[in-house]
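# Topology and contacts: notes
So you can see what is in the structure, the chains are spelled out below.
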Amino acid sequence: MDALQQIGTLAQAVSTCTLLYSSGLSLPKHLVVGCKTFSQMTKVTVCVFLVLFLQAHNGDLTVRPTCKPGFSEEDYTAFVSQNIMEGQKLLKVKFNNCAGNKGVRYETNSLDFKVRADGTMYAAHHVQMPSKQLILMVTAWDPQILGRWEAIVRFLVTEKLQHSGHKPKGRKTVPGELAQQQSDTLLPWRQHQSANGLRRQKRDWVIPPINVPENSRGPFPQQLVRIRSDKDKEIHIRYSITGVGADQPPMEVFSIDPVSGRMYVTRPMDREERASYHLRAHAVDMNGNKVENPIDLYIYVIDMNDNRPEFINQVYNGSVDEGSKPGTYVMTVTANDADDSTTANGMVRYRIVTQTPQSPSQNMFTINSETGDIVTVAAGLDREKVQQYIVIVQATDMEGNLNYGLSNTATAIITVTDVNDNPPEFTTSTYSGEVPENRVEVVVANLTVMDRDQPHSPNWNAIYRIISGDPSGHFTIRTDPVTNEGMVTVVKAVDYEMNRAFMLTVMVSNQAPLASGIQMSFQSTAGVTISVTDVNEAPYFPTNHKLIRLEEGVPTGTVLTTFSAVDPDRFMQQAVRYSKLSDPANWLNINATNGQITTAAVLDRESDYIKNNVYEATFLAADNGIPPASGTGTLQIYLIDINDNAPELLPKEAQICEKPNLNVINITAADADIDPNVGPFVFELPSVPSAVRKNWTITRLNGDYAQLSLRIMYLEAGVYDVPIIVTDSGNPPLYNTSVIKVKVCPCDENGDCTTIGAVAAAGLGTGAIIAILICIIILLTMVLLFVVWMKRREKERHTKQLLIDPEDDVRDNILKYDEEGGGEEDQDYDLSQLQQPETMDHVLNKTPGVRRVDERPIGAEPQYPVRPVIPHPGDIGDFINEGLRAADNDPTAPPYDSLLVFDYEGSGSTAGSVSSLNSSSSGDQDYDYLNDWGPRFKKLADMYGGGEED
C-alpha cells in the first residue's frame, strides 16, 4: 500500500473512531477501557487503536441501547378532585440518572406542590383547584453530572373520584373510554385499548431531549436532533421551526433541514445571554397542508464555567469590638457568578487568603465558605495594639475547587472598634495648687490622666469628681476637651481666715461605663493639696445700710452714732481710717479714727435732700495695707418731724365782685410739716387795721378750708391786701399772717368780672390806657420809617455811579503794593493826587502817554457799531468783533479804577530791555540791601546777594 492509501486508511480510521465515540453506543467492556485512555493519548492514536481493535473483534459489535438519564415520560397525567388536602399524594414521577438516582433533587414551578426524593408528588397545603386542568413543570437535576431534565404534569379535575372500592352511580365507565374522552380535548396523541387495559401509545413525533452546551467551538452548523413524523413513510413531508431563535430575534440561531428534519444550531450559544429557547416544529405535505399538529421544542443551553465570580465591592469595610469572643460576626462579603447557580459553575465558595497584620495570631478571622460571613475565630483583639486588619478574601466557583474553578479576590478592611477596657489613671498620686482668697473662677491645679482608649471618644473623655475634702463646695473640676486634663477651679470664694488649706480627694472616670469584667484602677483616685494665700481685704461695715431715728432740728455738734467698720484681716496689724464719701447737704462729720458721726448743721426734715423723711450719707473706711483696701457704708437718718414750719395761706391772689353774696373766695393753708403738726387750721382776720374786719369776713368750712367774703354791701373796685392769720395744730402751734391780694371788680349777671372792670380793678385809668396805646402807635411808626429808609439806601447803593464820589473816597487809606507804575518816570508820587480833583486841568496838562490807570481819561469816546434793525446771520460775528475791538480801544471804558497795566513801562524810558540782561554776568552791583527788605524779597536776596559766597 503506498503512502496515499495509508493516509486514506488513517483518515477513515479517525472518522470511524470519532463517529463511534460520539454515537452513544454501548461498547464492550474492553472497548470502554480503551476509551478511558483518551485523556492520555491523542485522538488520532486512540482512534487508530479502536479501529484496529474493532477489526480484531468484529463479531462483538452488537449495538445495544445506552442508558440515557431522564424521566420515564415526558408528560404525566393524573385525575384529582376540586379540593386537595395538605399532604395528599397525587402521582409519582419516575426518573433515572443511570447512577442509582443518588443525589437527584426535584422541584416544581408551583409553590402549591412538592416532589419527594422518591418522585412522589403531593400537595404542600390545602389547594382549591382553579380550573378543570392545571399544567405544571417538574424539574429533576443531578449535581453530580450537572444536568437538568423536565417533564410536564397535567392535573385533570373530575367531579367525583372512586375511593376505597366505591363506584359511581350511572353508566359504568370503562377506563379506556374515560382516557379516550380526555385525549380528544387535551392530549395531542391517540390512545388505544389493549389487552392489558389503558396504556400510552408512542407519539407520532419522536423528539429526544435537546440540551446544547454553550461556547461550543463548532464546526457550525452543528446538528442537535432529528425530528420526524411516522407518516413520512406514506407521504413527503416538509419540516420547519418557528419561535425566538428561528424566525424571531435573535434570528436564525437554529435551522432545520426541511426534508430530513435535522435541526442545527448555527453559532455558539451563551447561557448568560439566554438560557433556553422555546420553538415550535411544524410538519406539512408538499402542498403546504398540515400533516401533524405543531409541537413545542424546549432547548436548554447547558452552562459552562466561563465566568469568574465578581465581588459586589472591591473593598469592604467592617468593624468588630476589641475583646470580642470567637464567633463574633464581623461582616459579609458577596460575590456573584453569572454562571448557572444550580450547577457547580455558579456555586461560589469563599476563603481567606491573607491577613495583615498577623497579630496576635495569623488566623484571627474565618469566613463561611458558602455565605461569605466573616467572624472572629480567635481571642485577643486589642485596639490599643492593632487598630485595623486587612483581609484578602478569595471567591472561587466550582464549589471552591481551586484546580478547576475560576477565582477573584476582594479586600476586607476590619476596624477594631474601641471599648472602654482601660480605666483612666492619674499620672501621679498627689497634686498641689495655690489660690488667693476671695478669688473665683481661678484654675488652681491641672490634673493629668492617661487613658489608652480611643482619644476624644466617650471611652476616653474623663469626668472628675471631688469625693472628699470640700464640704462647702468651694471647688469644681472641669475637663479640658482637648487635653482631657482636669482643671480644679474655684467656684466659691475661700477665706484665708477660715481655711488656710484644703486636702481634696478626687476620682476620675469615663463618660462611658467600663466594659464588662473591667475594674477601676487604684490609680483612678488622687489627692490635691490647695494652699490659700492671704490678701489685704477691704474693711466692711457690719451693718450696711445702718438706720438711725432722731428729731429734726438737733443742734450742731450733736453725736448721732458710731459707724465703724471691721477689718477682716485678723492676722494683719492694720489701722482703719474713716472719711465722708457722700454727704449731699454737708450736715455730718465723721471721726477719722473711730467713725463717730456728729452733726455739722441743723438737720431739716423739710429740706430737698430728704426723701421720704430719710437722709442718706455714704462713708469710706480704708486700711493702710499694701495695697490699701477700702469699703463703703451707707448711713440712713430717719428724721422725726417737729412743728417748725408755720402754715402758708393759699391762694395768694383772688378776685371778688364789688357786691356781696355773688361769690366768695375759698382759702386754705399749706404746711411743710406733717401730721400732727398740720391741720386742722384756724383762719382769722387781724384786728388791726380795723378796716379789715369791717370790710371782710371769714366763714369756716372744715379743718382745712374757709371762705373769705365781703361784709359790706358794696366795695369800690380795686386791689386790696387782706391779711389773714393762719394757725396750725402743732404742739406748740405756729401761726403766720399771710396777705392775700383780692381784686374787687364789677361783675355781670353770672358773677364774673367784666373786662373793663378787670382793668379798672387792676388800677389803670382811662388816661393811662390811652397813653399806652399812643406809645404803641409811635413805636410802630418808627419801625416803619426805619424800614423804608433802609430800602431806599439799598436802592441808592445799587444805582450809585461807578466813580466814587469825593466824599466817599477812602483811597488815601489804601496802600496798593501790586502797582508797578509806569517805569522810572513814575518814581515821584504826588500824594495830593490821591484825592479826586475838582477840575481836570492837571490831567489835560500831563505829558502825553502817561496817565494813572485808575482815573478816567479825557478824550473823544469811540463810536460803537450800531446793530442793524434786521440783522443778517452772517453779520452777527462781524458785529461782535467790531464791538469787542471798540471796547478794547476805548480808554474811557470802566473799570479803569481796577484795571492794572503791568506791561506798560511809560514812554521814553531810560532803562533798556529786560531781555538784554544777563543773569549769569558778574558786575560790581551790590545787592546786599535786598536782605533788609523783608521776607518778600528773600528769593531775590538768595539769587543775587549771595553770589560771591557760592
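Owing to the predicted nature of the structure, the values given are computational and were not obtained by experimental measurement.

### Topic: the sheet that holds strand 52 (residues 718-727)
Here 4 strands make up an open sheet; going across it, the order is 47-53-52-49 and the pairing mixed. With partners counted over all chains shown, the strands left at the sheet margins are strand 47 (653-657) and strand 49 (682-684), one partner each. Each strand of the sheet is rotated relative to its neighbour by a mean of 35 degrees, with strand direction disregarded. Summarising the sheet, strand 47 and strand 53 (residues 735-745) pair through 5 bridges and their orientation is parallel. Looking across to strand 53, one finds that Ala 654 is bridged to Val 742.

### Here we look at the environment of Met 450
Here Met 450 is to be found in strand 33 (residues 449-450). Given a relative accessible area of 43%, Met 450 falls into the partly exposed group. Met 450 sits 24 residues away from Phe 426 along the chain, and the two C-alpha atoms are 6.3 Å apart. Setting aside residues up to four positions removed in sequence, Met 450 forms contacts with Pro 423, Pro 424, Glu 425 and Thr 427.

### A few points about a nonpolar patch on the surface
A cluster of nonpolar residues, Leu 779, Val 783, Phe 786, Val 787, Trp 789 and Met 790, forms a patch on the protein surface that exposes about 600 Å² of accessible area. The class of Trp 789 is partly exposed, set by a relative accessible area of 47%.

### Considerations on the packing of aromatic side chains
For the coordinates displayed, the defined rule picks out 20 aromatic pairs. Judged by centre distance (5.9 Å) and plane angle (65 degrees), the rings of Phe 426 and Tyr 431 are edge-to-face. For Phe 426, a relative accessible area of 5% corresponds to the buried category. Measuring from centroid to centroid gives 6.4 Å for Phe 541 and Tyr 578, while their planes differ by 55 degrees, and the two rings are tilted. With a gap of 37 residues between them, Phe 541 in the loop between strand 38 (525-533) and strand 39 (546-551) and Tyr 578 in strand 41 (residues 576-582) connect regions that are remote in the sequence. Judged by its relative accessible area of 8%, Tyr 578 is buried.

### Considerations on the state of the cysteines
By definition, a disulfide links the sulfur atoms of two cysteine residues through a covalent bond. Applying the stated criterion to the full structure yields 1 disulfide. Sulfur-sulfur distance for the disulfide between Cys 657 and Cys 747 comes to 1.8 Å. Between Cys 657 and Cys 747, the S-S torsion sits near -105 degrees, and that sign places the bridge as left-handed. With a gap of 90 residues between them, Cys 657 in strand 47 and Cys 747 in the loop between strand 53 and helix 6 (755-762) connect regions that are remote in the sequence.

### A word on the side chain of Thr 489
Here Thr 489 shows up in strand 36 (residues 486-490). Within polar-contact distance, the side chain of Thr 489 engages the backbone oxygen of Met 487 at 3.1 Å. Beyond its immediate chain neighbours, meaning those up to four positions away, Thr 489 contacts Glu 441, Val 442, Val 443, His 474, Phe 475, Thr 476 and Arg 478.

### Side note on the sheet that holds strand 42 (residues 588-590)
The strand order 40-43-42 describes an open sheet built from 3 strands, whose pairing is antiparallel. Whereas interior strands pair on both sides, the edge strands pair on one side only; in this sheet they are strand 40 (559-562) and strand 42. Each adjacent strand pair in this sheet contributes to an overall mean axis angle of 25 degrees, direction not counted.

### Describing unusual backbone geometry
Here the residue pair Ile 626 and Pro 627 is connected by a cis peptide bond, since its omega of -10 degrees sits within 30 degrees of zero. Turning to its location among the elements, Pro 627 is positioned in the loop between strand 44 (614-623) and strand 45 (630-640). Omega for the peptide link from Val 688 to Pro 689 comes to -5 degrees, which places this bond in the cis form. A positive phi is found at Glu 252, a non-glycine position, where the angle reads about 60 degrees. One can find Glu 252 in the loop between strand 16 (237-243) and strand 17 (254-256). The backbone of Asn 612 shows a phi angle near 55 degrees, a positive value even though the residue is not glycine. Mapping Asn 612 onto the fold places it in the loop between strand 43 (596-599) and strand 44.

What counts as what
- Residues numbered from 1 in each chain as written.
- Predicted model: local features only at pLDDT ≥ 70, side-chain atom pairs only at ≥ 80, totals over all residues.
- Heavy atoms only, no water.
- Pairing = 2+ DSSP bridges.
- Helix = DSSP H or I, 4+ residues; strand = E, 2+ residues; numbered from the N terminus.
- Axes fitted to C-alpha atoms, helices over the stretch in contact; angles between N-to-C directions.
- Buried < 20%, exposed > 50% of the residue type's maximum accessible area, 1.4 Å probe, protein only.
- Contact = heavy atoms within 4.5 Å.
- Patch = residues over 30% accessible without salt bridge, like charges linked within 9 Å, V, L, I, M, F, W, Y side chains within 5 Å.
- Areas by Shrake-Rupley, 256 points an atom, 1.4 Å probe, with all protein chains shown as cover.
- Salt bridge = Lys/Arg side-chain N within 4 Å of Asp/Glu carboxyl O.
- Phe/Tyr/Trp six-rings, centres within 6.5 Å; stacked < 30°, edge-to-face > 60°.
- Disulfide = S-S within 2.5 Å.
- Polar contact = N/O pair within 3.5 Å; in protein donor to acceptor, adjacent residues only side chain to side chain.

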